[in-house]
Structures are given as C-alpha cells and as structure tokens.
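Working through the structure, step by step
Listed below, chain by chain, are the residues.
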Amino acid sequence: MTGEAVGLPLRASRWQVRARLLWRSWRESWALFSHNRVGLLGLGIIALFGLMALAHPVLIRTVWDPLIYDPVVGYSFDEVLQPAPPSARHLLGTDPLGRDILSQLMHSARAEFALGLMAALVTVLVGTAIGAVSAYYGGLIDALLMRMADIIVMMPTVSLLIVLGVLFDLNMYSLAIVIGIISGFGGTAIIIKSQALSLKVKPYIEAARVAGGSHRHIILVHIVPNLLPLAFLYMMFTVTAAIFSEAVLSFFGILNIRMSWGIMIHTAQNAGYLLGGTRYWWLLMPAGVSITLLCGSFYLVGRALDEVVNPRLRRR
Amino acid sequence: MSGGGDILVRAEGLTKLFPISRNLFLRPTSFVHAVEDVSFLIKKGETLGLVGESGCGKTTLGKLLVKLLEPDSGHIYFPVDGEPRDVVTLPGRDLLRFRRQAQMIFQDPYESMNPRRTIYDTVAEPMVVQGIGSIREREKRVAEMLALVGVSPPQLYLFRYPHELSGGQRQRVAVARSLILNPSLVVADEPTSMLDVSVRSGVMKLMLELQQRFNISYLYVTHDLAVARYMCNRIAVMYCGKVVEMAEAEELLGHPLHPYTRALLSAAPDPDPGYVRPPVEIKGGVTTPVNPPKRCRFYDRCPMAAQVCEEKDHPPLEDKGGAHYVACYRV
Ligand SMILES: Nc1ncnc2c1ncn2[C@@H]1O[C@H](COP(=O)(O)OP(=O)(O)OP(=O)(O)O)[C@@H](O)[C@H]1O
Ligand code: SF4
Ligand SMILES: [Mg+2]
C-alpha cells in the first residue's frame with residue numbers, strides 16, 4: 001500500500017516503497033557529492049584503476065600470452081636485455097626478471113582493491129561496534145575500551161606492522177584484518193564514539209526507551225544507522241592507509257605476497273636499480289605513481305564524503 | 001482530593017538528585033536537588049498540570065514517572081495489568097507491560113524523531129518493540145492513528161521523513177505514536193512550547209479530544225499559565241525541586257495562596273481586563289537547587305519571609321481546606 005508519497009501507484013508493495021526511498025536518499029547524497037570537483041576526480045581515478053583490475057584477466061585470456069605476460073612467472077623471450085625499456089610489445093617495459101610491468105601493474109590493482117576494501121570493512125565493523133557500545137553503556141566498559149583504543153592510537157602503525165610482519169607470516173588477507181583492527185579499534189572507534197555520545201542524548205532514544213525498546217533495539221535501529229555515514233567516511237581513509245602500509249611492508253620484503261605494487265618496487269630495489277637514478281624510471285614510476293594516485297583518490301573521495309556527511313562543512 | 005474518579009497514579013516522596021561534582025575518590029560531593037520529596041496523585045482521565053520556571057525540575061519529575069529516570073527514593077504506584085504495583089521496584093520482566101501503559105510526548109518535535117526513519121517506522125515503533133501485531137496489522141493501526149490525529153490522508157505521510165513535515169504535524173505524529181498502545185497515562189513535556197503560536201491550540205484541542213475519547217490521564221508540563229488553565233483539571237506549582245502549591249485549576253489560578261504562585265500569576269498577562277490583581281513583588285535572582293540550605297526554598301526571594309522560614313526546614317505541603325495544598329508557614 002501507500003506508494004503515493006514516493007510517486008508510485010497506491011498499491012505498490014512496501015518493498016517497492018522502501019527501495020524507492022533508498023534510491024531517493026542515494027540520489028540526494030550523490031547530488032551533494034557531485035558538487036565537489038576534487039571528489040569526482042578521485043572517483044574517476046578509482047574507476048580507472050577498477051577498470052584496469054577488471055581488464056587484466058580478460059587480456060590474459062585473449063591477447064596476452066600467459067607464458068610471456070603472466071605477472072609472476074612470465075618471461076619476455078624477445079627482449080635481449082632485462083629490464084627492457086617500454087616498447088610496443090611491453091608498453092611499460094619489463095622488470096629485472098623479464099616480466100611485463102603493465103601486466104604486473106594491472107594484476108596488482110585488483111589485490112590493492114581487495115586489501116583496501118577488506119581493511120575498510122573490518123575497520124567499520126570494529127569501529128562502529130566498539131564506538132557504539134562504549135558510548136551507549138559508558139562506565140567501566142567504556143573506560144576499558146577507550147584505554148585500549150588510546151594504546152592502539154599511540155603505537156606507531158607502520159613500525160608495529162613491520163614487527164608483526166617479521167614475527168608472523170602476513171599475507172594480503174591477514175594484513176587487511178590487522179590494519180582493519182588497528183584503524184577500527186584506534187582512531188575510528190574514538191571518533192565514532194564521540195558521535196555516538198551525541199546521538200545517545202537525542203530525545204528519540206528516550207522515546208524508544210519509553211516505548212519499551214531494548215538496548216539491542218536502540219543500538220541497532222537508532223544509533224548504528226546514524227553512525228554509518230561517518231563510518232563510511234573513515235572507510236575511505238582506511239583504504240588509503242592500507243594501500244600505503246602494504247607498499248611499505250612489501251618494500252621491506254616482509255609480506256608473504258607474490259605480486260603487488262610494493263613488490264614491484266621491492267624487486268627493482270633488490271636488483272639494485274633504484275640507485276641508477278632516472279635511467280630505469282619504468283621500474284619505479286608505474287607502481288609509485290599508482291600507489292600515490294589510488295591512495296590520494298580514496299583520500300579525496302573521503303574528504304568529499306565528509307561534506308556530505310557533515311553538514312557543517314558544506315559550502316553554501 | 002475533591003471530586004470522584006478512580007486514582008491512576010500515586011507518587012510518594014519522589015526524590016532525584018544529580019551529582020554534579022566529585023571528590024578525588026569519585027564520591028559525589030554536591031548534588032542538584034532536581035526533584036525532592038514530591039508526592040501527588042493523578043486520577044483516571046484527568047490532567048494534572050505542572051508549572052514552574054525553567055530548571056525547577058518539571059522534566060525530571062515527568063521522566064521519573066515514565067521510568068526514564070530512577071528516583072533516589074520514593075514510590076510510584078501504578079496499575080500494571082490491573083493490579084497496583086510500585087513501579088520503582090518493578091522487575092524487568094514487567095517493565096515492558098508498564099511501558100505499554102505509560103507514554104511520553106517530548107518537547108522538541110524536531111529531535112524526538114529519528115531523522116532516518118519514516119513516519120510509519122516512528123509511529124509503529126512501540127508495536128514493533130512490544131511485538132504486537134503483524135506487519136499488516138501495524139500498518140493498518142498506524143494509518144488509523146494518523147487519521148485520528150489529523151495527519152491525513154495517512155497514505156500520503158506514512159513513508160515520509162520527519163523533515164518533510166511541519167512542526168505541528170510532527171507533534172501530531174508524536175501524539176499518534178504515544179497513543180498507539182492505548183496507554184492510560186501520558187506525560188506531555190511542554191508539547192506545544194516549540195510550535196508556532198498558530199498551530200498550538202490545534203494540538204492542545206486534539207490532546208483534549210483524545211483524552212475524552214480514550215480516558216487518558218495526562219501529566220501536562222508547561223510554564224505557560226494560560227495553557228495550564230486551558231488543559232488542566234488540577235495544577236501543581238513547582239519551585240526548586242519542590243511542589244509548593246497544588247489545587248484545582250480554577251481554585252489555584254483564582255485564589256493563589258503561595259507567594260511564589262502569586263508572583264507567577266501577577267507576572268502573567270491577565271485574561272480578564274476588568275480585574276486588577278494586586279501586584280506581588282519578589283526579589284530577583286534564581287535559587288539554584290544545588291545543595292540547598294535547610295530552610296524554605298523560596299526564602300531568598302519571598303516577600304513574606306519571616307524568621308520561622310529560615311529556622312525550620314522547607315515547609316510541608318499541607319491541605320489548607322478544599323484540597324488546596326500549600327507549602328508555606330505563613331499561609
Ligand atoms: N542529567 C542531568 N544531570 C545533571 N543535572 C541535571 C540533569 N538533568 C537535569 N538536571 C538539572 O536538574 C534541574 C531540573 O532540570 P529539569 O530539566 O527537570 O528542569 P525543567 O523544569 O524541565 O526546566 P525547563 O523548563 O528548562 O525544561 C536543573 O537544574 C538541571 O540543570
Ligand atoms: S515559608 Fe516563609 S519563606 Fe517560604 S514561602 Fe512561606 S513565607 Fe515565604
Ligand atoms: Mg523541561
């Protein structure tokens with residue numbers, strides 16, 4: 001029933017109405033977001049890398065012979081000297097082991113996305129849960145959780161990750177989870193908690209209590225949904241942190257990963273080519289620029305989202 | 001108390017202190033005496049008005065009554081499933097059933113609804129958390145309630161968001177929500193004070209109509225005496241956490257006995273221009289109820305203050321005849 005309010009026929013089902021409402025709020029948010037040029041630019045760059053990641057398996061299956069173009073075990077037999085500079089066959093040249101750089105770059109993009117998004121998801125889950133529980137219950141639970149968060153924030157992330165990388169066998173997935181927990185239980189939890197504190201004293205929370213709403217109901221229905229926009233924002237910053245950390249750890253060679261942008265730089269460095277100045281630029285630049293661009297783009301999108309989520313930042 | 005009618009709520013000696021500073025060992029050292037030793041009763045289908053200046057504890061008292069706050073001492077007797085129970089010590093399993101019977105309408109219609117939930121979600125929430133009715137029944141009931149409070153046609157509003165409604169409409173929605181479980185008591189905390197003057201009387205009329213129809217009792221909080229006159233059968237005047245005077249509305253407004261009530265009335269515009277009310281002077285300055293000294297709370301501002309008022313504790317609320325209760329040594 002009751003589709004009229006959202007421009008549907010009166011007898012539209014409630015799910016159609018809900019879907020329409022969701023769509024409408026999306027459109028409104030998009031209208032706000034799309035005002036921000038820099039945010040759009042970031043989104044464009046992210047889309048570009050997304051396309052690269054998607055195109056790689058297609059290319060391998062169609063025009064790129066895996067024997068030559070496989071990012072890990074391929075070898076370019078037709079080049080005499082490795083690393084070979086860019087050519088028609090290898091648009092970005094080859095690495096010291098004779099592997100196609102463009103193929104490596106595109107292949108790694110997918111891993112970087114997976115890493116970033118997984119870390120971000122863990123961040124949001126952990127940060128929202130800790131922040132909401134801490135703010136809602138207060139008291140001892142709050143004190144305990146927040147002191148732990150303080151400790152995590154105080155620890156220098158990269159050094160901590162290096163130690164963990166040396167002690168444990170970190171691969172892409174465990175790295176994503178570790179970064180997600182560090183960021184989620186640290187700064188994100190603290191920020192989400194302060195937001196949750198301001199929600200907790202809203203009269204609609206009291207109204208829900210008077211109606212008989214349980215703690216679970218209030219947290220899940222009234223607090224968490226109002227925290228999600230902010231959590232989503234911090235997801236973006238976590239993606240940036242995750243991709244950057246991966247590059248640093250891979251550069252030191254302490255991650256158990258076969259190929260990534262960090263590994264590409266590590267390979268060049270290991271073979272001593274980073275000392276050669278700009279002569280072997282194609283070994284460093286593609287991966288370096290990609291890391292910078294993708295990290296920067298997620299950051300820019302995050303800042304643009306900040307304006308959507310945080311009305312006080314909106315320009316008139 | 002005068003008149004017939006069964007008693008619905010009996011509050012006895014309600015006290016609520018808020019700690020505001022603590023010593024080194026986190027022991028509270030000073031308290032706001034927001035509500036102190038307040039007793040009253042509300043009959044079925046009647047409205048008890050609660051008036052008093054800002055910060056005197058009206059909201060706190062209202063929240064105590066619906067168990068949004070736990071009193072430090074005192075009792076609230078209220079029928080849960082037909083038998084009178086002390087709500088203060090009500091065990092958790094009966095709390096849900098108490099919540100069906102006692103609801104609250106909040107002051108700010110812009111803050112009392114979750115901005116991310118539709119009107120349907122907001123009004124249906126009590127049914128949902130109480131597990132009452134199927135989805136279809138809830139939808140029917142919500143539409144019914146919206147029509148009843150004059151937010152119609154309901155189909156047009158069910159899936160709107162609060163920000164798409166006017167203040168008056170929102171407060172009507174809040175009324176619909178508070179009544180959806182057929183409560184016997186509704187605490188209304190200044191429900192019209194944030195509304196445009198033009199829509200106030202509409203909301204008040206609606207509340208009176210629904211009261212008649214469903215035999216609801218209201219605790220109606222307001223600082224506007226004209227509103228209290230219009231809405232209430234009886235009025236209690238609060239000052240610094242204490243009820244200082246309580247009587248039938250006409251009696252209290254026509255023959256105020258407590259110096260504070262008289263000051264309030266002389267400050268309010270008189271609806272009857274022929275009547276010249278003798279002016280009552282009170283000294284300025286608000287007594288904050290933080291660790292109040294042991295004497296009449298109104299002592300510092302009272303034009304009638306005498307030695308007895310300072311030497312003894314705050315005067316007890318006594319019947320001065322005809323169920324007109326006053327807390328003053330000199331009346
Ligand atoms: N949670 C709290 N913690 C500490 N002090 C509080 C708290 N709630 C209320 N108070 C204090 O208790 C006193 C009574 O507050 P209350 O909100 O009940 O007043 P009120 O009569 O409703 O005032 P108003 O007309 O402004 O709404 C005030 O002095 C207030 O500062
Ligand atoms: S008891 Fe004394 S101080 Fe208090 S209101 Fe009465 S006359 Fe005034
Ligand atoms: Mg109040």
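I will try to describe carefully the structure that is included in this document.

Turning next to helix α7 (residues 197-214) of chain B. Residues and elements named next belong to chain B. Across its 18 residues, α7 extends 27 Å between first and last C-alpha, which sits within 8% of the 26 Å expected from 1.5 Å per residue. All buried positions along α7 are accounted for by Val203, Met204, Leu206, Met207, Leu210 and Gln211. End-on, the buried residues of α7 take up no more than an arc of 160°, which puts them together on one face. The exposed residues of α7 that point more than 90 degrees off its buried face are Ser198, Glu209, Gln212 and Arg213. Asn215 sits one or two positions beyond α7 and adopts a positive phi of about 55°.

Here we take up the site of ligand 2. The environment of ligand 2 is formed by His258(B), Pro259(B), Cys296(B), Phe298(B), Tyr299(B), Cys302(B), Met304(B), Cys309(B), Pro315(B), Cys328(B), Tyr329(B) and Arg330(B). Of the residues that constitute the shell around ligand 2, the class distribution is 10 nonpolar, 1 polar and 1 charged.

Taken together, the contacts link 34 residues of chain B with 27 residues of chain A. With both sides pooled, the region where chain B packs onto chain A buries about 2,800 Å², and carbon together with sulfur makes up 57% of that total. The salt bridge involving Glu111(B) is made with Lys202(A); its shortest N-O contact spans 3.4 Å. Applying the counting criterion to the chain B and chain A interface returns 14 residue pairs in polar contact (both at pLDDT 80 or more).

With that settled, the discussion passes to the packing of aromatic side chains. All names here are of chain A. Using the criterion set out here, one finds 15 aromatic pairs over all chains in the structure. Seen from their ring centres, Tyr234 and Phe237 are 5.6 Å apart, and the 75° between their planes marks the pair as edge-to-face. Of this pair, Tyr234 and Phe237 both sit in helix α9 (residues 215-251), 3 residues apart, roughly one helical turn. Arranged with centres 5.7 Å apart and planes meeting at 75°, the rings of Phe251 and Phe252 form a pair that is edge-to-face. Accessibility expressed as a relative area gives 29% for Phe251, which makes it partly exposed.

Residues and elements named next belong to chain B. Residues in close proximity to ligand 1 include Phe18, Val32, Ala34, Ser54, Gly55, Cys56, Gly57, Lys58, Thr59, Thr60 and Glu190, which together make up its full environment. One of the side-chain N or O atoms of Ser54 is found 2.4 Å from an oxygen atom in ligand 1. Here Lys58 contributes a side-chain N or O atom positioned 2.8 Å from an oxygen atom of ligand 1. For ligand 1, whose accessible area on its own is 630 Å², the fraction buried by protein is 62%. Within the residue set of the shell around ligand 1, elements represented by two or more residues are β2 (28-43) and α1 (58-65). Among the elements that line the shell around ligand 1, the one with the most residues is α1, at 3 residues.

To continue, consider the side chain of His56(A). Residues and elements named next belong to chain A. Within the element layout of this structure, His56 appears in helix α2 (residues 37-61). Within polar-contact distance, the side chain of His56 engages the side chain of Ser103 at 3.0 Å. Setting aside residues up to four positions removed in sequence, His56 forms contacts with Trp64, Pro71, Ser103, Met106 and His107.

Calculation notes
Residues numbered from 1 in each chain as written. Chains lettered and ligands numbered in written order. Predicted model: local features only at pLDDT ≥ 70, side-chain atom pairs only at ≥ 80, totals over all residues. Heavy atoms only, no water. Helix = DSSP H or I, 4+ residues; strand = E, 2+ residues; numbered from the N terminus. Expected span 1.5 Å × (residues − 1). Buried < 20%, exposed > 50% of the residue type's maximum accessible area, 1.4 Å probe, protein only. Arc of directions from axis to C-beta. Near = heavy atom within 4 Å. Nonpolar A, V, L, I, M, F, W, Y, C, P; charged D, E, K, R; others polar. Contact = heavy atoms within 4.5 Å. Buried area = accessible area lost by both parts, 1.4 Å probe. Salt bridge = Lys/Arg side-chain N within 4 Å of Asp/Glu carboxyl O. Polar contact = N/O pair within 3.5 Å; in protein donor to acceptor, adjacent residues only side chain to side chain. Phe/Tyr/Trp six-rings, centres within 6.5 Å; stacked < 30°, edge-to-face > 60°. Areas by Shrake-Rupley, 256 points an atom, 1.4 Å probe, with all protein chains shown as cover.

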